[in-house]
Amino acid sequence: MLLSAYLSKRFRASSGSSDEKNGFVSFIAKASTIGILLGVAVLIVALSVINGFEQQLVHRLLSVVPQVEYVAPNRPIDNWPDKVQKLSEQRGVTGAAPFISVNGMAQYKSELKAVEVRGVDPALESDVSAVNQFTHGKLVSQISEDEIILGQQIVKQLGVKQGELITLLIPQVNEISTEILAPKRVTLTLAGIIEMGGPIDSSAAFIHLSKAQSVLGYEPLQVTGLRLAVTDVFQAHQIALRVGQTIDDYVYISSWFRTQGSLYQDIQMVRTIVYIVVFLIIAVASFNIVSSLVMEVREKQANIAILKTMGAKDSTILATFILQGLSQAFIGVVLGSFIGVILALNISELFTLLSQLLGSNPLEGVYFIEFLPSKLVWQDIVITVIVTFVLAVLATIYPAWQATRVDPAKVLGN
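Quantities reported herein were computed from a predicted structural model and do not represent experimental measurements.

The helix and strand inventory of the protein chain stands at 12 helices and 10 strands. Going through the 414 residues of the protein chain one by one, you find that 50% of them count as buried. The contacts of the protein chain with a sequence gap of at least 6 include a subset with a gap of at least 24, amounting to 80%.

Right under this line is the structure:
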C-alpha cells in the first residue's frame, strides 16, 4: 500500500507537467475535484437551510398556532373549566385552554381588515401558546376586557397606533330565520401588537374570553372550543384522537397537520429533491474521475509496463489508480465540507445583508418567518462524505482495472 501511495503521488506530479496531453488530463482531474467541492458545499448548505425551516416550524410556528383543537360545530361547550382540567391531566398533554373563535372585521376610521377574532383566557393561554414571545406592548396574558391585540400587518393596513380605539364588527347568526342581521360593533383599545412574521401577523386578533362571551351571548362557562399543547408535535394527531375520547361533547377534532401539514410536507419534499438532485451532481462530478483516470492510464501505459516487468503486482497497480482517484475526491470533499460548514453557519447573516443591499426581502409575508434559518446537523455532513467517497470508489474501479490489463510485451515492444 505504501508503494501504491508513492506511485500515485508521482503520477499526480507528472500529470501537472507542461506537456499538452498531461496538462489536459490534469484539467479534467481538477474539474472533477471542483465539481465534487461545489456539490458537497451546496448539499451541506441546502440541508442546513431545510433543517432550519423545520426547526423554526416546530419552535416558532407550532408554538403559536393550535397544535390540537376540539371545536364545537353546533352548540357551545359547557362547563369548560372541568374539561380543561381533565384534558390537561391526560398523557402527552402539556396544557389546555378554552377559546372562542369567530371571523370578523377590524375597523379604524374608514379602513377595514378581515381578522380571526379569538377570545382567550389570559391565565391559561400561555399554557398552550408562545404568542407572548412575539408580542410587544401588553401581552396576551395581560389583556383586559376592553383591550385587543392585533397582528402587525393588520395594524399597518389599518394605520392604527397602540393605545388608540378600533371597532370590531362581529357577524350575528339568526338561528330562527335566514334574515341577515346587522353585525355587532365592539369598541376596544389596541393594547399590543404581534410581530411574528408570516400569515399570523395579517389575521390574528386576541380579545378577552369574557368579552367574546358577552358579545356572542354565551354563558360564563361556555366556549366554542378547547385547545391543547402536546409533548410531541409530530404525534399531535394520534394524541388528539386518544385524548378526545375523554370529553362527552360533540366536537370536531383538529390538529396542526390539517392547517399547517402541507407546509411540513413541502419541507420534507424539498429535502428529498435536494438529496436527489445534489447527489446526482456529485455523482456526475465523481464519474468525471473515470475520464481523467482512463486518459491517465493511456498516458502511463509505458510506466505501468515497466512497473510490471520489475515485479509490481496487479493489486499494486490497481491500488495506485484507486488512490489517485480518491485523492481527487478527498480534496473536493474536504474543501467542500469546509466551505459548506462556513456558509451554513453564516447563511442567515448573509441573507440579511443581501436583503438590505437589495432593499427587499423575498421571504417577507410569504412564509411564517422573514429570515433564512439554518441548522447544521453533523449527521448530514457524515452522510454526504460517505456517499461521495462511495461514488468516488466506484468511479475509480474500472480505470484501475484497465491499468492491470496492460501487456508489457505489447507496450514495450512498440
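Resuming the write-up.
Moving on to helix 3 (residues 80–88). Among all positions in helix 3, only W80, K83, V84 and L87 are buried. The buried residues of helix 3 occupy one face: seen down the axis, they fall within an arc of 105°. Looking at the buried positions of helix 3, the neighbouring elements they touch are strand 1 (68–71), strand 2 (93–108), helix 4 (122–128), helix 6 (209–216), strand 9 (225–230) and helix 7 (236–244).

This paragraph deals with unusual backbone geometry. Of note in this structure, N79 is not a glycine but carries a positive phi near 50°. The residue N79 is located in the loop between strand 1 and helix 3 in this model. Judged by its relative accessible area of 33%, N79 falls in the partly exposed class. With a phi close to 55°, K109 is a non-glycine residue in the positive phi region. Mapping K109 onto the fold places it in the loop between strand 2 and strand 3 (111–120).

This part is about the packing of aromatic side chains. Counting across every chain of the model gives seven aromatic pairs. Geometrically, the ring pair formed by F330 and F389 is tilted, given 6.4 Å between the ring centres and 35° between the ring planes. Here the residue F330 occupies a position in helix 10 (residues 314–358), and F389 occupies one in helix 11 (residues 378–404), the gap between them amounting to 59 residues. Of the residues examined, F389 reaches a relative accessible area of 24% and is grouped as partly exposed.

Side chains of nonpolar character tend, in soluble globular proteins, to be buried together. By size, the foremost hydrophobic cluster in this structure holds 109 residues, and its most contacted members are Y70, I148, L150 and L168. The element contributing the most residues to this core is helix 8 (residues 256–299), with 15 residues. Ignoring any residue separated from it by four or fewer positions in sequence, one finds L168 in contact with M105, A106, V115, V117, I148, K184, R185, V186, L188 and I207.

The next subject is the UniProt feature "transmembrane region" (unreviewed entry) in the protein chain. Within the UniProt annotation, "transmembrane region" (unreviewed entry) is assigned to residues 27–50, 273–295, 316–345 and 381–401. Structurally, residues 381–401 comprises 100% helix and 0% strand, and the distance from its first C-alpha atom to its last is 30 Å.

Next up on the list: the pattern of salt bridges. A side chain of one charge can pair with a side chain of the opposite charge when the charged atoms of the two come close. In this structure the tally under the stated criterion is eight salt bridges. Here R75 makes a salt bridge to D78, at a shortest N to O gap of 3.0 Å. Owing to a relative accessible area of 24%, D78 belongs among the partly exposed residues under this scheme. Notably, a salt bridge pairs E147 with K138, separated by 3.0 Å at the nearest N-O pair. Exposure remark for K138: the relative accessible area of 31% places this residue in the partly exposed category. It is possible to trace a salt-bridge network through shared partners that takes in E69, E116 and R118.

Looking now at the pairing of strand 3. Where strand 2 lies against strand 3, 10 bridges are found, and the strand directions are antiparallel. Opposite I100, over in strand 3, you have G119 as the bridge partner. Once strand 2 ends, the chain turns through two residues before running back antiparallel as strand 3, passing K109 with a positive phi of about 55°. Pairing of strand 3 with strand 8 (residues 204–208), which is carried by five bridges, proceeds in the parallel orientation. Directly across from G119, in strand 8, lies its bridge partner I207.

A separate point is the packing of helix 8 against helix 11. Viewed as axis vectors pointing N to C, helix 8 and helix 11 meet at an angle of 30°, and their least axial separation amounts to 9 Å. With respect to helix 11, the axis of helix 8 lies roughly parallel. Helix-helix and strand crossings are classified by hand; for helix 8 and helix 11 the assignment is right-handed. Contacts from Y275, F279, I282, A283, S286, F287, I289, V290, L293, V294 and V297 of helix 8 reach helix 11 at D380, T384, V387, T388, L391, A392, L394, A395, T396, P399, Q402 and A403. For the contact of helix 8 with helix 11, the class distribution of residues is 17 nonpolar, five polar and one charged.

Reading the values: the criteria
- Residues numbered from 1 in each chain as written.
- Predicted model: local features only at pLDDT ≥ 70, side-chain atom pairs only at ≥ 80, totals over all residues.
- Heavy atoms only, no water.
- Helix = DSSP H or I, 4+ residues; strand = E, 2+ residues; numbered from the N terminus.
- Buried < 20%, exposed > 50% of the residue type's maximum accessible area, 1.4 Å probe, protein only.
- Contact = heavy atoms within 4.5 Å.
- Arc of directions from axis to C-beta.
- Phe/Tyr/Trp six-rings, centres within 6.5 Å; stacked < 30°, edge-to-face > 60°.
- Core = buried A, V, L, I, M, F, W, Y, C linked by side-chain atoms within 4.5 Å.
- UniProt positions renumbered as here; feature names shortened; annotations may be inferred.
- Salt bridge = Lys/Arg side-chain N within 4 Å of Asp/Glu carboxyl O.
- Pairing = 2+ DSSP bridges.
- Axes fitted to C-alpha atoms, helices over the stretch in contact; angles between N-to-C directions.
- Parallel < 35°, antiparallel > 145°, perpendicular 65-115°, else oblique.
- Left-handed = near helix turned anticlockwise from the far one by under 90°.
- Nonpolar A, V, L, I, M, F, W, Y, C, P; charged D, E, K, R; others polar.

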